[in-house]
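Now for the letters of each chain:
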Amino acid sequence: MTEPLLRVQGLSMTFSRKSGFFSRVGEELRALNDLSFTINAGETLGIVGESGCGKSTLARCLLRLLTPTAGQIYFAGQDLLALPDETMRRMRQRMQIVLQNPFSSLSPRLNGFQLIAEPLRTHTTMSRKEMMDEVAALLAEVGLPSEFMSRHPHQLSGGQAQRIALARALALNPDFVILDEPTSALDVSVQAQIINLLIRLQKQRALTYLFITHDLGVIQHIGDRIAVMYLGKIVEETSSERIFANPQHPYTQALLSSTPLPDPSRSRQRIILPGTVPSAVDPPSGCSFHPRCAHVMDQCRTLYPAARQTSVGHHVSCHLYENGA
Amino acid sequence: MRARVEVGSTLWYLLRDRVALFSLAFLILVALAAVFAPLLTPYAAQGMGDPDLAAKFRSPSIEHPFGTDGLGRDQVARLMFGARRSLSMGVFVVVAAIAIGAPLGTIAGYLGGWVDEVLMRITDIFLAFPPLLLAIAIAAALGASYINALAAIAATWWPWYARLARSQTLSLRERAYIEAARSIGVRDRVIIMRHIFPNIMTPIVVQGTLDVGTAILVAAGLSFIGLGTQAPYADWGVMISDGRLFFLSGRWWLSTFPGLAIFFTAMAFNFLGDGVRVAADPRLRRIQS
């Protein structure tokens, strides 16, 4: 079996906040709690979860914008967290991110050319002429005419701005792109265009995606595999077909039931979760989902369920499936 | 959310603000009078300090609109030559303070951690002294001269810009586009120069414009107690100081005119700074048609 492009082992990120200058006790927020997963070259892993479950923290840890408190990240066989800063800086050519809101991820003072050329200026020694050609080609690839080189972010629509951000991410021909809610700030009609563009680019450039979203409807079209996160943990992970056909974790079932169906004549029984997402500063004992779970059992309150394979390629962390059910 | 700052539109709004425009015109006039002083007055030699004892203590007249001082020097010429020092002092103090404070504050805010601690504790040490007393102490230690007074005032002033730059940088550092630049692998130095500096300059320039007037006042204060410009040259502070002994004996014009010059100039810089502040912030702009 070939080495996956990205292998994450036991990744944890704990933010600590001192409560005061003289106090020793501080609050700890476990944003990521012992995550492990792999992404193979050319595939798309969707990470789904409510806001506050640690999705964006995960993206920042993978790019080493935040330093995780524990765990390893192997990218193309190299342990990213062990790389010296300068090696890591060069490694960034191969992994890029597209953030949720293009208007905040694009510097307001720069125009389209400057924005897209920034990675080229940082990592290559291209002349200005070469950069112009390259930027024009990138713009064409994301479906924008070359006039956009002279536009500033405030002159763009949301979809156009996100295309510029995408062109910037592709400029160095990366292997791996993290898409952190790339469509949630956009209008629904534009969302579909961007998703289709992402799918086309992935085919043309053999890209590997980590697609972070809270919207299962979006990920259905693009994800090969899907991991569902709840309070800093992956609770279920399987192929995209199977998660829609046979969701096993009660949280996944609730999440799926909340996704609107495009056909108004069909309706589905919605599972309404009681309460809200517990605070990651003070997570519930045992399974962190137990206070909201309809199937809660005694052991859920004390013991976190280990991930278990219920069928090939389908992993669930839930006590309901412990007896091989 | 779309922060949009364009120099062109800022200028356009500034020029529509009558108070700011009038202040700017006044300051340009004063600056021109300072630069072209030798061409504008027949008493250039007196402006530079030469005495003319035959004409001493003349009260204001057509010949000498602001009178003459105890050495017979025409007060208009003295004011114009004095403006060179007073105005340049105010501007240079602020420029020097920004040049020192802004990079330090930006670096402290961007890097954080121990660098931030060390730099900010140093600025705290400077801020712990009353600024005027510290300036007097430094100027006295360096010796009384124009350039030393400038250095002394700038030394008490830069911590304010360091703090301003740091706080602006802190809020900017969390912006997604800074994070995006880091994820691209842009070097910290380039991020500071290209993404942070241009975006924090607006509040710094606004504060700087407001501060020039105050710097002129402080500089005049140092000159007044003899720690600034030395005879035979004069600035406005020196002129007030020279005239103060004669004020009650009826020679009111000696201190009054340089005092008014300082008053109007400082006020003009304040109005101008306020105008720049409003013009640079789209939320404060009011459409006046």
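All chains use their own residue numbering, which begins from 1 and follows the written sequence. Note on labels: chains are lettered from A, ligands numbered from 1, in written order. Local features in this predicted model are restricted to residues whose pLDDT is 70 or higher, and side-chain atom pairs enter the listing and the counts only when it is 80 or higher, whereas totals over whole chains, interfaces and linings include all residues. To obtain the side-chain values, all non-hydrogen atoms of the structure were used and water was disregarded.

Caption draft 1: Up close: helix α10 (residues 250-257) of chain A. The buried fraction of α10(A) amounts to 7 of the 8 residues, a majority that puts the element mostly inside the structure. Buried positions along α10(A) lie against β3 (44-48), α8 (216-222), β9 (225-230), β10 (233-239) and α9 (240-245) of chain A. Burial classes follow relative accessibility: with a 1.4 Å probe on protein chains only, a residue under 20% of its type's maximum area counts as buried, one over 50% as exposed, and anything between as partly exposed. Runs of H or I in DSSP of at least four residues are treated as helices and runs of E of at least two as strands, each being numbered from the N terminus. The contact criterion used throughout is that any non-hydrogen atoms of two residues lie within 4.5 Å.

Caption draft 2: Inspection of the sheet that holds strand β12 (residues 314-316) of chain A at higher detail. Residues and elements named next belong to chain A. Here, a strand pair is defined by DSSP locating no fewer than two bridges between the strands. In spatial order, the strands read β6-β7-β8-β3-β9-β10-β12-β11; together these 8 strands make up an open sheet with mixed pairing. The sheet is open, and its two edges are formed by β6 (95-98) and β11 (308-311), each paired on a single side. Mean inter-strand twist for the sheet, computed between neighbouring axes without regard to direction, equals 20°. The sheet contact formed by β11 and β12 spans 3 bridges and is antiparallel. Counterpart to R308 in the pairing with β12 is V316. On the sheet, helix α7 (residues 188-205) packs against β3, β7 (176-180) and β8 (208-213) and is oriented at approximately 160° with respect to β8. Fitted lines through C-alpha atoms give the axes, limited to the stretch in contact for helices. The angle between two N-to-C directions lies from 0 to 180 degrees.

Caption draft 3: Expanded view of the interface of chain B and chain A. With 20 residues of chain B at the interface, the matching set in chain A holds 26 residues. Approximately 2,300 Å² of surface area, both sides summed, lies buried where chain B meets chain A, with 52% of it carried by carbon and sulfur atoms. Criterion for a salt bridge: a side-chain nitrogen of Lys or Arg within 4 Å of a carboxyl oxygen of Asp or Glu. Along the contact surface separating chain B from chain A lie 3 salt bridges. For this analysis, a polar contact is any N or O atom pair within 3.5 Å, provided that within protein one partner can donate a hydrogen and the other can accept it, and provided that sequence-adjacent residues contribute only side-chain to side-chain pairs. Across the chain B-chain A interface, the total number found is 10 residue pairs in polar contact (both at pLDDT 80 or more). Here the quantity called buried area is the total loss of accessible area, with a 1.4 Å probe, experienced by two parts when brought into contact, counted for both.

Caption draft 4: A look at helix α5 (residues 75-111) of chain B. The span you would expect from a helix comes to 1.5 Å times its residue count less one. The first and last C-alpha atoms of α5(B) sit 53 Å apart over 37 residues, in line with the 54 Å expected at 1.5 Å per residue. The axis of α5(B) is deflected most strongly, by about 30°, at G82(B). Bend is computed residue by residue as the angle between axes fitted to the seven residues ending at the residue and the seven residues starting at it.

Caption draft 5: Local environment of the packing of aromatic side chains. The pairing test for Phe, Tyr and Trp rings, Trp by its six-membered ring, is centres within 6.5 Å, and the orientation test on the planes gives stacked under 30 degrees, edge-to-face over 60, and tilted for anything in between. Applying the stated criterion to the full structure yields 12 aromatic pairs over all chains. Relative to Y13(B), the ring of W12(B) has its centre 5.1 Å away and its plane inclined at 85°; by these criteria the two rings are edge-to-face. Seen from their ring centres, F126(B) and W158(B) are 5.2 Å apart, and the 65° between their planes marks the pair as edge-to-face. Pair noted here: F126(B) is in helix α6 (residues 113-127) and W158(B) is in helix α8 (residues 146-173), with a separation of 32 residues, a long-range link. Put simply, the rings of F66(B), W252(B), W253(B) and F257(B) pair up and form one aromatic cluster. Here the guanidinium or amino end of R151(A) rests over the ring plane of F148(A), the centre of that ring lying 4.5 Å away. Should the NZ of a Lys or the CZ of an Arg lie within 6 Å of a ring centre and within 35 degrees of the ring normal, that charge is described as sitting over the ring. R251(B) extends its terminal NZ or CZ atom over the ring of F57(B), reaching a point 4.0 Å from the ring centre.

Caption draft 6: Focus on the pattern of salt bridges. Overall, the coordinates contain 23 salt bridges over all chains when judged by the stated rule. Between R60(A) and E179(B) there is a salt bridge, and its shortest N-O distance comes to 2.8 Å. One end of the pair, R60(A), is in helix α1 (residues 55-62); the other, E179(B), is in helix α9 (residues 176-184), on a second chain. Neither residue differs from the other here; R60(A) and E179(B) are each classed as buried. The salt bridge involving R173(B) is made with E174(B); its shortest N-O contact spans 3.5 Å. Three or more residues are tied together by salt bridges with common partners; here these are E86(A), R89(A), R90(A) and R187(B).

Caption draft 7: Seen up close, the packing of helix α10 (residues 188-224) of chain B against helix α11 (residues 236-243) of chain B. Residue and element names in this part refer to chain B. Here α10 crosses α11 at 45°, and the two axes come no closer than 7 Å. Judged on the interaxial angle alone, α11 and α10 are oblique. As for the relative orientation of α10 and α11, their crossing is right-handed in sense. Of the residues in α11, those touching α10 at A220, S223 and F224 are G237, V238, I240 and S241. Any residue that is not Ala, Val, Leu, Ile, Met, Phe, Trp, Tyr, Cys, Pro, Asp, Glu, Lys or Arg is counted as polar, Gly included; the first ten are nonpolar and the last four charged. Of the residues that constitute the contact of α10 with α11, the class distribution is 4 nonpolar, 3 polar and no charged. For classification, angles of less than 35 degrees are called roughly parallel, those exceeding 145 degrees roughly antiparallel, those between 65 and 115 degrees roughly perpendicular, and all remaining angles oblique. Crossing handedness follows the turn of the near helix against the far one: under a right angle anticlockwise gives a left-handed crossing, and clockwise gives a right-handed one.

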